[in-house]
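Coordinate analysis (summary)
Given next are the chains, with one letter for each unit.
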Amino acid sequence: MHVLVLVGSLRAGSLNRRLAAVALRHLPAGTTATVWPDLGRLPHYDQDLDGGLTGTVPESVAALRTAMTAADALLVVTPEYNGSLPGVLKNALDWLSRPRGQASIAGKPAAVLGASLSGYAARWAREDAVRVLRVAGADVLEETVGVPGGPAAFAGDLLVEGELDHAVGDLVGALLGRAQALAA
Ligand SMILES: Cc1cc2nc3c(=O)[nH]c(=O)nc-3n(C[C@H](O)[C@H](O)[C@H](O)COP(=O)(O)O)c2cc1C
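Residues numbered from 1 in each chain as written. Predicted model: local features only at pLDDT ≥ 70, side-chain atom pairs only at ≥ 80, totals over all residues. Heavy atoms only, no water.

The next subject is the environment of Ala-20. Take Ala-20: it is sitting in helix α1 (residues 15-24). Overall, the relative accessible area of 2% leaves Ala-20 in the buried class. For the pair formed by Ala-20 and Val-168, sequence separation is 148 residues and the distance between their alpha carbons is 9.8 Å. Residue contacts for Ala-20: discarding those within four places in its chain leaves Val-5, Val-7 and Val-77. (Helix = DSSP H or I, 4+ residues; strand = E, 2+ residues; numbered from the N terminus. Buried < 20%, exposed > 50% of the residue type's maximum accessible area, 1.4 Å probe, protein only. Contact = heavy atoms within 4.5 Å.)

Turning next to unusual backbone geometry. The phi angle of most residues is negative, glycine excepted, and most peptide bonds adopt the trans form. The linkage connecting Arg-98 with the following residue, Pro-99, adopts the cis geometry, with an omega of -5 degrees. Mapped onto the elements, Pro-99 comes out in the loop between α3 (87-96) and β4 (109-115). Positioned with a positive phi, Asn-82 is a non-glycine residue whose angle comes to about 50 degrees. Note that Asn-82 resides in the loop between β3 (73-78) and α3. Since its relative accessible area comes to 85%, Asn-82 is described here as exposed. Despite not being glycine, Ala-122 has its phi angle at roughly 60 degrees, a positive value.

So, about the side chain of Ser-9. You can see Ser-9 is positioned in the loop between β1 (2-7) and α1. In this structure, Ser-9 is in contact with Ser-14, Arg-17, Pro-79 and Tyr-81, ignoring residues within four places of it in sequence.

A separate point is the packing of aromatic side chains. Taken as a whole and judged by the stated rule, the model has one aromatic pair. When the ring of Tyr-45 is compared with that of Trp-95, the centres are 4.5 Å apart and the planes differ by 55 degrees; the resulting orientation is tilted. Placement of Tyr-45 in the loop between β2 (32-35) and α2 (59-70) and of Trp-95 in helix α3 is noted, with a sequence separation of 50 residues between them. With a relative accessible area of 26%, Tyr-45 lands in the partly exposed category. (Phe/Tyr/Trp six-rings, centres within 6.5 Å; stacked < 30°, edge-to-face > 60°.)

Below, the structure written as structure tokens:
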């Protein structure tokens, strides 16, 4: 099993990047993951760039689509920006949702995590990410896990609250279970 991970924050000290690391610690032996390194280098979605007259797509888009096709599951880890998911993440999901009918994201098991400074734990962003993933054609888990409280919630690649860490592990387990059922 291989998991593609998209983190919706580009900043070096991102809590959501740390949350992705927390989630990856829950992967069973033999399961691998790629945290996609350059969501920020994707061009803004433009239908004229998507196949267009030449039938080609920008290299960064082709690489992301190939990675999605090769992955068994998708994990989205999102901050909340003004009550929703960051544009950079929405942009990546828009690219993955095309071409219509042959999209690399179609049918892929997906799950959503999010961290923010507030007690709401990026709830609106998580909800919006689930909706976008569903519309894009992913087989997305409705349940998500949010980490409130900002940096104080983390101790390295661990969550301070054991129950929350378990919830992340359960979500990762459910995602892999869905992927295994599809592969069987
Ligand atoms: C442009 C912007 C908008 C934000 N809007 C929200 C918001 O609507 N709700 C919220 O809880 N936090 C909001 N925040 C705070 C982020 O949740 C916080 O900065 C978080 O640490 C960002 O995730 P990161 O650490 O992974 O970069 C916002 C931050 C930025 C930069």
